[in-house]
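Take a look at the letters that make up each chain.
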Amino acid sequence: MLNFVFKNPTEIIFGKGTIAQIDARIPRDVPILLTYGGGSIKGNGVYQQVTSALEGREVVEFGGIEPNPKVEVCLKAVELARSRQVRFLLAVGGGSVIDATKFIAAAACYEGPDPWDILRTGGRDVKTAIPLGTVLTLPATGSESNGNAVISRRATSEKLPFHADCLFPVFSVLDPETTYTLPAEQVRNGIVDAFIHVMEQYMTYPCDAPLQDRLAESILATLIEVGPRTLAEPQDYASRASFMWSATLALNTLIGCGVPQDWSTHMIGHELTALYGPAHAETLAVVLPGVWAHQLAKKEAKLRQYGQRVWGVATAEAAIGKTEEFFQSLGMPTRLSAYEIDADQAAEAVGRRFTERPVKFGEHGDIDGDAAAAILRLRA
Ligand code: NZQ
Ligand code: ZN
């Protein structure tokens, strides 16, 4: 096991009817910026619950944050936050609203000439931010309990992640009932995103970290158990609650402590969303089996362990097959052709971007532009 520091300062408030508890956790007598997306919170009672809990406070609203949030839109909120001297941000929605709010929190305090530099440098210079809390309405990204955000730029079709310790939410409210209005497609996306977050921290090579392995495998097994159930019965509280908690634990930094990680599926996936538009999880389901096939020799021991413990199959190849079948059973395509994306063209475009930046991913630092291109060619 490698050395690590574990620090997750986010307080999780989990369960039915918990939104009212934000009142006691947000400072009084400061202007608050309430951020949200395209309006789902107005149709399902969440907006009503949040505004009731905030009654009597000075609240400025910023709605209209779209999936894969754009820097061009976020900068309007930064202006608003500055002009109204906002001192607390409350994000109400899914990963996109939370990520946008993290960027707003950081950019409002940022003194450099161009806030996009926050993304260019992966958040390295972000030392202070306006504190934020969240009310999560879509289990998927783990953004409610980590310091990461992913922001896109319309002008250049880029999508880049950044991280800063000061961006962990102070608190996050997770009321599974607020997710009952999610379309099946978003639930499917959330199951796959959470599953692959676990994989990016687990599917590398054995490194004497049996607890992290068992934690990761238990989240995978739980998603395999409750995922299909929560898709089939969206209002079954028990399975929705387990799914929601699994998605948070998948990326709240716990299972990644002291182990090598491989975020190449995510990094290739972000390029596919930026260039061609499929949703985040849709790109991951296409890319993951390709990364595994390409890296089979290096990941074989861990793939076998996963296959045996999670699926009861003997070989690495069978483990890859079971995973792809699981995604498909949720209604998730696993090939580029499902999105009418030409594999050769995507390979060329993503490969060129990685080579130009230049970046290398994977637990061995060997997934460069050429490797990314080879992976995408496997996924026609
Ligand atoms: O905008 P509204 O109207 O709210 O509708 C949203 C949106 O259209 C809708 N929705 C959310 N909650 C709902 C609901 N509809 C009905 N009922 C509800 N309760 O769902 C749609 C998708 O929302 P979005 O926030 O985009 O989805 P998700 O949570 O999957 O977030 C995806 C974004 O997070 C990034 C992705 O790259 C992508 O940009 N990620 C962030 C990570 C992080 N911060 O740690 C890690 C992830 O790997 C990921 O990269
Ligand atoms: Zn993800």
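Conventions used here
Here the residue index of a chain counts from 1 through its sequence in written order. For this description, chains carry letters from A and ligands carry numbers from 1, given in the order in which they are written. Given that this is a predicted model, residues contribute local features only at a pLDDT of at least 70 and side-chain atom pairs are listed and counted only at 80 or more, while totals for whole chains, interfaces and linings are drawn from all residues. The side-chain values count all of the structure's non-hydrogen atoms but skip hydrogen atoms and water molecules. With a 1.4 Å probe rolled over the protein chains alone, any residue whose accessible area is under 20% of its type maximum counts as buried; one over 50% counts as exposed, and the rest are partly exposed. Think of it this way: any DSSP run of H or I at least four residues long counts as a helix, any run of E at least two long counts as a strand, and we number them from the N terminus. For two strands to pair, DSSP has to find at least two bridges joining them. Counted as donors are N, O and S atoms no farther than 2.8 Å from the metal, or 3.2 Å for Na, K and Ca; water is not among the atoms, and sites may therefore look incomplete. An automatic or database domain assignment provides the domain bounds reported here. Contacts between residues were defined by any pair of non-hydrogen atoms, one from each residue, lying within 4.5 Å. Once two parts are brought into contact, the accessible area they lose, counted with a 1.4 Å probe and summed over both, makes up the buried area. Under the convention used throughout, the expected extent of a helix is 1.5 Å for every residue step, that is, one less than its residue count. As a rule, the C-alpha atoms of each element are fitted with a line to give its axis, helices using only the stretch in contact, and angles between N-to-C directions run from 0 to 180 degrees. In this text, buried Ala, Val, Leu, Ile, Met, Phe, Trp, Tyr and Cys residues form a nonpolar core when linked through side-chain atoms within 4.5 Å. Cavity and pocket criteria rest on a 1 Å grid covering protein atoms alone: a 1.4 Å probe that fits but cannot get out defines a cavity, protein on both sides within 12 Å along at least 5 of 7 lines defines an open pocket, and an atom within 4 Å of a point defines a lining residue. Grid points are joined across faces, edges and corners, and a volume is the space filled by probe spheres set on the points. Throughout this entry, Asp, Glu, Lys and Arg are counted as charged residues, while Ala, Val, Leu, Ile, Met, Phe, Trp, Tyr, Cys and Pro are counted as nonpolar. The remaining residues, Gly among them, count as polar. The criterion for an aromatic pair is that two Phe, Tyr or Trp rings (for Trp, the six-membered ring) have centres within 6.5 Å, with stacked assigned to planes under 30 degrees apart, edge-to-face to planes over 60 apart and tilted to the rest. Like charges are joined within 9 Å and nonpolar side chains (Val, Leu, Ile, Met, Phe, Trp, Tyr) within 5 Å, but only among residues with over 30% relative accessible area and no salt bridge; these make up the patches. Every accessible area reported is derived by Shrake-Rupley at a probe size of 1.4 Å, with residue values counting cover from the shown protein chains alone. Salt bridge, as applied in this entry: a Lys or Arg side-chain nitrogen positioned within 4 Å of an Asp or Glu carboxyl oxygen.

A. How the structure looks around the pairing of strand β8 (residues 171–174). Side chains F171 and V173 of β8 all project onto a buried face; the interleaved residues S172 and L174 project onto the opposite face, where all are buried too. Where strand β1 (residues 11–14) lies against β8, 4 bridges are found, and the strand directions are parallel. Looking across to β8, one finds that I13 is bridged to V173. For strand β5 (residues 132–136) and β8, the ladder comprises 3 bridges, and the chain directions are parallel. Across the sheet, T134 pairs through a bridge with S172, a residue of β8.

B. Focus on the coordination of the zinc ion (ligand 2). Within the protein, the atoms that donate to the zinc ion (ligand 2) are D193 (OD), H197 (NE2), H266 (NE2) and H280 (NE2), at distances of 2.0 to 2.1 Å. Spacing between the donor residues of the zinc ion (ligand 2) along the chain follows D-x3-H-x68-H-x13-H. Residue D193 is located in helix α6 (residues 184–202), and its partner H266 is located in helix α9 (residues 264–276); the two are separated by 73 residues in the primary sequence. Taken individually, D193 and H266 each receive the classification buried, so the pair is uniform in this respect.

C. The domain arrangement of the protein chain, seen in detail. Splitting the protein chain by domain gives domain 1 (11–177) and domain 2 (183–377). Taking only C-alpha atoms, the centre of domain 1 and the centre of domain 2 are 26 Å apart. Each side of the interface is counted separately: domain 1 has 27 residues, and domain 2 has 23 residues. Between domain 1 and domain 2, roughly 2000 Å² of surface is buried when both sides are summed, and carbon and sulfur atoms account for 66% of that area. Looking at the side of domain 1 facing domain 2, the largest losses of area belong to P139, K159 and P176, adding up to 28% of the total buried there.

D. Inspection of α6 at higher detail. The end-to-end C-alpha distance of α6 is 27 Å, a good match for the 27 Å that 19 residues give at a rise of 1.5 Å each. The buried fraction of α6 is high, at 16 of 19 residues.

E. Structural detail: the sheet that holds strand β4 (residues 88–93). Spatially, 6 strands are ordered β1-β8-β5-β4-β2-β3 in an open sheet, and the strand pairing comes out parallel. Among the strands making up the open sheet, the edge pair consists of β1 and β3 (59–62). Adjacent strand axes in the sheet meet at a mean angle of 15° when their direction is disregarded. Bridge count for β4 against β5 is 5 bridges, and the pairing is parallel.

F. Quick peek at the nonpolar core. Counting 58 residues, the largest nonpolar core has F195, M199, I268, W292, Y306, F327 and L376 as the members making the most contacts within it. Among the elements that take part in this core, α6 stands out by supplying 9 residues, more than any other. Sequence-distant contacts of I268, that is, excluding residues within four places in its chain, are made with V287, V291, V350, F354, I367, A372, I375 and L376. Ranked by size, the runner-up nonpolar core spans 39 residues in total, among them I98, A129, I130 and A149.

G. Representation of empty space enclosed by the protein. This structure, assessed with the given rule, holds 2 cavities of 30 Å³ or more. Volume-wise, the largest cavity comes out at about 50 Å³. Top contributing element to the lining of the largest cavity by residue count: helix α7 (residues 210–232), with 3 residues. The calculated volume of the second largest cavity comes to roughly 40 Å³. Lining the second largest cavity are M199, E200, M203, D262, T265, L288, V291, W292 and K299. Elements with a minimum of two residues in the lining of the second largest cavity: α6 and α10 (280–294). When residues of the lining of the second largest cavity are assigned to their parent elements, the largest contribution, 3 residues, is made by α10. A class-by-class count of the residues in the lining of the second largest cavity yields 5 nonpolar, 1 polar and 3 charged.

H. Seen up close, the packing of aromatic side chains. All told, the structure shown has 11 aromatic pairs when counted by the stated rule. Note on F14 and W245: the rings are 6.0 Å apart at their centroids and 65° apart in plane angle, and the pair reads as edge-to-face. With F14 in strand β1 and W245 in helix α8 (residues 237–250), this residue pair connects regions lying 231 residues apart in the sequence. When its relative accessible area of 33% is taken as the criterion, F14 is described as partly exposed. According to the relative accessible area criterion, W245 is partly exposed, its value standing at 37%. Each ring, one from F195 and one from F327, has its centre 5.6 Å from the other, and the planes form 85°; the classification is edge-to-face. You can see F195 sitting in helix α6 and its partner F327 sitting in helix α12 (residues 316–329), a full 132 residues away along the chain.

I. Region of the structure containing a nonpolar patch on the surface. Taken together, the side chains of M1, F4, F6 and L254 present a nonpolar region at the surface, about 380 Å² in accessible area. Inspection of the secondary structure assignment puts F6 in the segment before β1.

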